[in-house]
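# Structural overview for review
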Amino acid sequence: MFREFLLGVLAALTLINVAHAQTAGTTTTTWDCCEPACGYTSNLSPGARGPVQSCNKNNGPAASGAQNACFASSGNLAFSCDKYQPIIVNSTFSYGFAGHGNTATSTCCKCYQFTWTSGAAKGKSMIVQAINAGGITDTDFDIYTPGGGVGDFNACTAQYGAPSGGWGRQYGGVTSDAQCSQLPSNLQAGCHWRWQWAGGDVNEWQITYKQVNCPSQLTSRSGCTPASI
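Here's what I pulled together on the structure shown here. Just so we're clear, the structure is a prediction, and the values are computed from it rather than from any experiment.

### A look at the nonpolar core
- In terms of nonpolar packing, the biggest core is built from 40 residues, with W31, Y84 and W167 touching the most fellow members.
- Going through the elements one at a time, β5 (93-100), β7 (125-132) and α4 (188-198) are the ones with two or more residues in this core.
- The element contributing the most residues to this core is β5, with 3 residues.

See below:
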């Protein structure tokens with residue numbers, strides 16, 4: 001009897017620990033076409049092997065020594081890659097990439113699993129890899145979503161000829177699935193993801209999240225692997 005009681009207590013404590021591992025946060029969207037902050041070796045989190053891959057204007061590998069297209073206008077320029085769009089696994093789970101946290105060396109290349117607790121995607125989950133940081137709160141995940149808004153910096157005009165304020169709102173991007181047709185064809189699937197898979201705007205929806213080990217589905221695209229947890 002005592003053994004069964006002890007096992008029950010241990011099981012309850014395990015559930016409590018799992019619950020405590022979850023942190024409340026929010027999601028937002030971005031697609032500024034800039035070279036990700038985690039594309040710099042100096043920004044990697046401790047133990048990470050990388051950096052995150054950057055691309056040229058045509059989404060091929062950026063040239064060695066290329067400059068971030070958000071801060072340079074000539075010569076070899078480095079942009080974000082179109083492969084950083086969300087990846088649908090099934091109707092309730094996707095992989096993706098995001099900006100997370102204000103300090104790159106704290107988050108770069110780490111992976112996180114979150115579940116929405118509000119919004120049209122309530123109950124749906126993602127595992128995302130942090131490939132950008134800075135100007136983002138420590139509990140926000142700025143999901144890389146084409147048409148998600150350029151925010152403070154815009155390299156999409158240089159890469160794709162986007163309007164000066166990006167597609168749609170500067171912060172938040174397009175406001176409907178129909179507006180995804182404004183984007184280049186190689187970015188439209190990621191734009192539709194927000195409206196068709198997530199079911200809405202995504203911005204300021206509530207989540208709970210925790211850090212997890214990165215799946216190969218993400219590290220094989222980003223080229224960056226963080227230290228195991």
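Now, onward.
### Here we look at the pattern of salt bridges
- Evaluated as defined, the whole model comprises 2 salt bridges.
- For R169, the salt bridge is made with D201, and the minimal N-O distance between the two is 2.7 Å. Of this pair, R169 sits in the loop between α3 (156-160) and α4 while D201 sits in the loop between α4 and β9 (205-212), and the two are 32 residues apart along the sequence.
- Among the residues examined, R169 registers a relative accessible area of 32% and is labelled partly exposed.
- The partner of R194 in a salt bridge is D201, with the nearest N and O atoms 3.2 Å apart.

### A word on unusual backbone geometry
- With an omega of 5°, the peptide bond running from G50 to P51 counts as cis.
- For P51, the location among the structural elements is in the loop between β1 (23-30) and β2 (67-68).
- Positive phi, close to 70°, is recorded for N59, a residue that is not glycine.
- With respect to the helices, strands and loops of the structure, N59 is situated in the loop between β1 and β2.
- Phi at E204 is positive, roughly 70°, even though this residue is not glycine.
- Here E204 is to be found in the loop between α4 and β9.
- The exposure class assigned to E204 is exposed, which follows from its relative accessible area of 51%.

### Regarding the state of the cysteines
- Taken as a whole and assessed by the stated rule, the structure comprises 7 disulfides.
- Each disulfide pairs two cysteine sulfurs, and for C109 the partner residue is C224, the sulfurs being separated by 1.9 Å. In this structure, the disulfide formed by C109 and C224 twists by about 100° around the S-S bond and is classed as right-handed. Placement of C109 in the loop between α2 (104-107) and β6 (111-116) and of C224 in the segment after α5 (216-222) is noted, with a sequence separation of 115 residues between them. Like C109, the residue C224 is buried in the burial classification.
- Through a disulfide, C180 is tied to C191; the S-S separation comes to 2.0 Å. Residues C180 and C191 share a disulfide whose torsion about the S-S bond is about -75°; that sign makes it left-handed. Of this pair, C180 sits in the loop between α3 and α4 while C191 sits in helix α4; the two residues are 11 residues apart in sequence, bridging distant segments of the chain.

Procedures and definitions
Residues numbered from 1 in each chain as written. Predicted model: local features only at pLDDT ≥ 70, side-chain atom pairs only at ≥ 80, totals over all residues. Heavy atoms only, no water. Core = buried A, V, L, I, M, F, W, Y, C linked by side-chain atoms within 4.5 Å. Buried < 20%, exposed > 50% of the residue type's maximum accessible area, 1.4 Å probe, protein only. Helix = DSSP H or I, 4+ residues; strand = E, 2+ residues; numbered from the N terminus. Salt bridge = Lys/Arg side-chain N within 4 Å of Asp/Glu carboxyl O. Disulfide = S-S within 2.5 Å.

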